[in-house]
Amino acid sequence: MRFFTTEGPVRPDDHYTLPPLSRWDLDEVLNLIDQKKYFLLHAPRQTGKTSCLLALMAHLNREGRYRTVYANIEAAQPWREQIEPAMTTICSVLGRAARTSLGDTRLLEWQRDQGTQIAAGDRLTALLEYWASADPRPAVLLLDEVDALVGDTLLSLLRQLRAGYPQRPTAFPQTIVLCGVRDLRDYRIHASSEREVITGGSAFNIKAKSLRLGDFSAAETRTLLLEHTQETGQVFTPEALERVWELTQGQPWLVNALAYRACFELRAGRDRSRPITLDLIDQAKEAMIVERVTHLDQLAHKLQEPRVRRVIEPMLAGLTLGNVPDDDIQYLLDLGLLRQTDGGGLTVANPIYREVLPRMLAFTPQASLPQISPTWLKAGGTLDPAALLDAFLAFWRQHGEPLLKSAPYHEIAPHLVLMAFLHRVINGGGTLEREYAIGSGRMDLCLRYGAVMLGMELKVWRDGRPDPLAEGLIQLDDYLAGLGLDSGWLVIFDRRAGQSPIAERTDSATRISPRGRSIQVIRA
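Here we summarise the structure given alongside this text. (Residues numbered from 1 in each chain as written. Predicted model: local features only at pLDDT ≥ 70, side-chain atom pairs only at ≥ 80, totals over all residues. Heavy atoms only, no water.)

## Focus: the environment of Val255
Selection criterion: Numbering of helices and strands starts at the N terminus; helices are DSSP runs of H or I of at least 4 residues and strands are runs of E of at least 2.
As for its placement among the helices and strands, Val255 is situated in helix H10 (residues 252–265). Sequence-wise, Val255 and Glu242 are 13 residues apart; in three dimensions their C-alpha atoms are separated by 12 Å.

## A look at the sheet that holds strand S4 (residues 175–180)
Heads up, the rule is: One requirement defines pairing of two strands: DSSP has to find at least two bridges between them. All axes here are fitted lines through C-alpha atoms, helices being fitted over the stretch that makes contact, and every angle between N-to-C directions spans 0 to 180 degrees. Note on contacts: a residue pair qualifies if any of its non-hydrogen atoms lie within 4.5 Å across the two residues.
Read from one edge to the other, the open sheet built from five strands follows the order S2-S3-S4-S1-S7, with strand pairing classed as parallel. Two strands close off the open sheet at either side, each with one partner strand: strand S2 (67–72) and strand S7 (207–212). In this sheet, neighbouring strand axes are inclined to one another by 15 degrees on average, regardless of whether the strands run parallel or antiparallel. Pairing of strand S1 (residues 38–42) with S4 involves four bridges; the strand directions are parallel. Looking at S4, one finds that His42 is bridged to Gly180. Along the sheet, helix H3 (residues 83–102) contacts S2 and strand S3 (139–144); its crossing angle with S2, the most-contacted strand, is approximately 130 degrees.

## Points about helix H2 (residues 49–63)
Using the following cut-off: Expected span of a helix, by definition, is 1.5 Å for each gap between consecutive residues, and there is one gap fewer than residues. Between buried and exposed lies partly exposed: a residue is buried under 20% and exposed over 50% of the maximum accessible area for its type, with that area taken using a 1.4 Å probe on protein chains only.
The terminal C-alpha atoms of H2 lie 21 Å apart, and with 15 residues this matches the ideal 21 Å at 1.5 Å per residue to within 8%. Taken as a whole, H2 has its buried residues at Lys49, Ser51, Cys52, Leu53, Ala55, Leu56, Met57, His59 and Leu60. On its buried face, H2 sits against helix H1 (26–34), S1, S2, H3, S3 and S4. Gly64 sits one or two residues past H2 and shows a positive phi near 90 degrees.

## A short note on the packing of aromatic side chains
Selection rule: Whether two aromatic rings pair depends on their centres lying within 6.5 Å, for rings of Phe, Tyr and Trp, where Trp uses its six-membered ring; planes under 30 degrees apart make the pair stacked, over 60 edge-to-face, and the rest tilted.
In total, this model carries 12 aromatic pairs according to the counting rule given. Considering the side-chain rings of Trp376 and Phe421, the 5.8 Å spacing of their centres and the 70 degrees angle between planes classify their relative orientation as edge-to-face. Here the residue Trp376 occupies a position in the loop between helix H17 (363–367) and helix H18 (385–404), and Phe421 occupies one in helix H19 (residues 413–426), the gap between them amounting to 45 residues. Relative accessible area serves as the criterion here: at 2%, Trp376 is assigned to the buried category. Overall, the relative accessible area of 1% leaves Phe421 in the buried class. Ring geometry for Trp396 versus Phe493: centroids 5.4 Å apart, planes at 45 degrees, classification tilted. One end of the pair, Trp396, is in helix H18; the other, Phe493, is in strand S13 (residues 487–494), and 97 residues separate them in sequence.

## Examining the layout of surface pockets
Which entries qualify depends on this criterion: Of the two site types, the cavity is a set of points on a 1 Å grid over the protein atoms alone where a 1.4 Å probe fits but cannot get out, and the pocket is an open set with protein on both sides within 12 Å along at least five of seven lines, each lined by residues with an atom within 4 Å of a point. Grid points are joined across faces, edges and corners, and a volume is the space filled by probe spheres set on the points. We call Asp, Glu, Lys and Arg charged. Ala, Val, Leu, Ile, Met, Phe, Trp, Tyr, Cys and Pro are nonpolar, and the rest, Gly among them, are polar.
When its volume is computed, the largest pocket comes out at roughly 790 Å³. Along the walls of the largest pocket sit 39 residues, with Thr6, Glu7, Gly8, Gln46 and Trp253 positioned nearest its centre. Only H2, S2, H10 and helix H13 (294–302) provide two or more residues apiece to the lining of the largest pocket. It is H10 that provides the largest number of residues to the lining of the largest pocket, a total of seven residues. For the lining of the largest pocket, the per-class residue count stands at 17 nonpolar, 14 polar and eight charged.

## Regarding the pattern of salt bridges
Going by this rule: A carboxyl oxygen of Asp or Glu within 4 Å of a side-chain nitrogen of Lys or Arg is what we treat as a salt bridge.
A full pass over the atoms with the stated rule returns 32 salt bridges. Linking Asp467 and Arg523 is a salt bridge whose minimum nitrogen-to-oxygen distance equals 2.8 Å. On the criterion of sequence distance, the pair formed by Asp467 in the loop between strand S12 (452–461) and helix H20 (469–483) and Arg523 in strand S15 (residues 518–523) is long-range, its members being 56 residues apart. Exposure remark for Asp467: the relative accessible area of 31% places this residue in the partly exposed category. Look at the salt bridges and you will find they share partners, linking Lys285, Glu286, Glu355, Arg359 and Arg434 into a network.

## With respect to the state of the cysteines
Applied cut-off: Counting rule for disulfides: a pair of cysteine sulfur atoms within 2.5 Å.
A full pass over the atoms with the stated rule returns zero disulfides. Of all cysteine sulfurs in the structure, the one in Cys179 sits closest to Cys91, which takes part in no disulfide; the separation is 20 Å. Overall, the relative accessible area of 0% leaves Cys179 in the buried class.

Without other data, these values stay purely geometric and don't point to any function.
Here it is in structure tokens:
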């Protein structure tokens, strides 16, 4: 029986899948090959690049006009700045790939008999010249994980491919496709022998085009999910189908991971006589985040990088990006962490990522929390918002100051500590949803615990700015209206210099919003 897979590449006999070649413009790709072009395919990790390249290889070899080999050259990545072992590895990988794909052992024989006699900086060029000349059919080479290479190793690869380019197609591959996460223009090669950083575009200026593999569309997401229904008879409710699209925005790994967990791991989902419901999808989403599954854990690791922090920190704080370098923004777009809206603005790529980013950042403050007695629960286990407010004020007065130092992003340290506290509150019995956007000046939170729903808005009072109370009440009105609530919290973190200790200035008071809602204003 087939299933949803997250390990990739897909195998149609084992996995639910969309036809890989339908995910890009095959006519455009074939035209580029017929025109002897060298081009790129790039996309975020785990979006189906390898599956597409393997399908393209199979298509071209089946037609018989070209000899096509796919090779993943990531094995050369550890040889940083060491061209000799790197080129030995790459040539060996190409030889084994040709043997597997075409039954052609000549590249391995050449590497054994002649390769070691040729300088490393010319060895790949010589190997590809030999391969292209050995058969009248033009050669096509699909190189995956190119941007995994580093420094002089990557520079040597690009320059050797460029050196052979004028000899195509009789004495060099007619087409070479380079595949990776980033577009070539975003390669920044720190060559050990040269002072200046070399861009990929200058080292490989023979590139004709960069193709980007996109996420699934809403229709494609639905088609993939319904493969399971056709296979097993188990249906997705309309609300569940919509929820998968809403949460993932078609990110292929997330779609497959969410559906696999709902259909094959959750007990209720394994009963094929029962439909996959919205509640099961939400359970699957929450379990994925809590367990920090590999894909999401990789995103969390990226948050430590300075170029990621320069963009994500102001986004979470609701600030404008200011003078953030274009390269940093492009890097996050290539990683798939962000996407551009129709109006050209930046937003987090999907609601799951939007949930993961602040939750991962709040992990250290949450781990640093002291033991807290759940005084906010009534005798029957329901949440008491008034008791929760008292518990938070007491917690903040006693622990706020030291815990702020444990937060990894300074600009949003108070937000992270508050979220850490709220995660301790829900403790698997509820959810905490977040909304934030560039330039909004706020972060909105919605805590759901049983039948209780509590909407909050977080704002920061910074030096040189007016008291955000008035603006916050107006903004919170809009947020609560969307939630259908007539009360909520407005939390104002005073980050101005020269303030008295947190324990002395933390308090709360009830205010009425412009639309008549009862707002608990917390100054912390």
